[in-house]
Amino acid sequence: MSYRSDAERVIEQYGTLVYRVCYVRLATVDVSLADDAYQNVFLYWIEHPPKVEAGSEHEKAWFIRCAIHRSTDLIRKRKSWEEIPSTVPALNDDTTEVMQALLALPEKYRMPLYLTAVCGYSIAETAKMLDMTQAGLRMRLTRARRALAEELELNIYNSISEKEEKI
């Protein structure tokens, strides 16, 4: 397989997933950095190709792990922590209420919940990707689900209150 066709396959197969992971990781920092992280993942893939079988679950996990690392690198490179907004940036209209609530969660809850609930990874796979123990991940997921439920209840309460004020 040629280099160009391999690059096209990788971007077609993992592009959306990589961008979503970068977006979720950088949502509370600066969403515009998600594009940079996305590009950095594929540049890293070119410079340091993984030693895994093409198209395998290992390759998919490598891209997720790489997206998390490249996003974290961009956060570390930011000049000043004072620039970080305290709220989640405005999202597109097509973003669901659940996704908005997920993005409002702290990072330590957001990524594990995204990988297990949205991407469908098992506890063992997610724990390995996030360099955590399975027990630690289960506890974090429990807390994340509780925080997500509270966030959704708050969103529902606020939307009901807004409707009542209009009446």
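Refer to the structure printed above.
Described in the following lines is the structure provided in the data block.

**Remarks on helix H2 (residues 33-47)**
If you check H2, its first and last C-alpha atoms are 21 Å apart, about what 15 residues at 1.5 Å a residue would give, namely 21 Å. All buried positions along H2 are accounted for by Leu 33, Ala 34, Ala 37, Val 41, Phe 42 and Trp 45.

**What to know about the layout of surface pockets**
Taken as a whole, the second largest pocket spans an internal volume of roughly 260 Å³. Lining the second largest pocket we find Glu 57, His 58, Ala 61, Trp 62, Arg 65, Tyr 121, Ala 124, Glu 125, Lys 128 and Met 129. Looking at the lining of the second largest pocket, the elements with two or more residues in it are helix H3 (57-77) and helix H6 (123-129). Residue classes in the lining of the second largest pocket are distributed as five nonpolar, one polar and four charged.

**Let's talk about the packing of H2 against H3**
In the contact formed by H2 and H3, the axes pass within 9 Å of each other and the chain directions differ by 125°. By the angle between their directions, the pair H2 and H3 is classed as oblique. Here H2 and H3 pass one another in a crossing that is right-handed. Taking contact as the criterion, the partners of Leu 33, Asp 36, Ala 37, Asn 40, Val 41, Phe 42, Tyr 44 and Trp 45 in H2 are, on H3, Trp 62, Phe 63, Cys 66, Ala 67, Arg 70, Ser 71 and Leu 74. Among the residues forming the contact of H2 with H3, the class breakdown is 11 nonpolar, two polar and two charged.

**Thoughts on the side chain of Thr 126**
Looking at the secondary structure, you find Thr 126 in helix H6. Ignoring sequence-local partners within four residues, the contact set of Thr 126 consists of Pro 112, Leu 115, Thr 116, Tyr 121 and Leu 137.

**Description of the nonpolar core**
With 45 residues, the main nonpolar core has Val 18, Val 21, Phe 63, Ile 64 and Leu 115 as its most contacted residues. For this core, the elements supplying multiple residues, two or more each, are helix H1 (3-26), H2, H3, helix H4 (97-104), helix H5 (107-118), H6 and helix H7 (134-166). A per-element tally of this core places H1 first, with 10 residues. Once you skip the residues sitting within four places of it in the chain, Val 21 turns out to touch Ile 64, Ala 67, Ile 68, Met 111 and Tyr 114.

Parameters and conventions
Residues numbered from 1 in each chain as written. Predicted model: local features only at pLDDT ≥ 70, side-chain atom pairs only at ≥ 80, totals over all residues. Heavy atoms only, no water. Helix = DSSP H or I, 4+ residues; strand = E, 2+ residues; numbered from the N terminus. Expected span 1.5 Å × (residues − 1). Buried < 20%, exposed > 50% of the residue type's maximum accessible area, 1.4 Å probe, protein only. 1 Å grid on protein atoms, 1.4 Å probe; cavity = no way out; pocket = protein on both sides within 12 Å on 5 of 7 lines; lining within 4 Å. Points joined across faces, edges and corners; volume = space filled by probe spheres on them. Nonpolar A, V, L, I, M, F, W, Y, C, P; charged D, E, K, R; others polar. Axes fitted to C-alpha atoms, helices over the stretch in contact; angles between N-to-C directions. Parallel < 35°, antiparallel > 145°, perpendicular 65-115°, else oblique. Left-handed = near helix turned anticlockwise from the far one by under 90°. Contact = heavy atoms within 4.5 Å. Core = buried A, V, L, I, M, F, W, Y, C linked by side-chain atoms within 4.5 Å.

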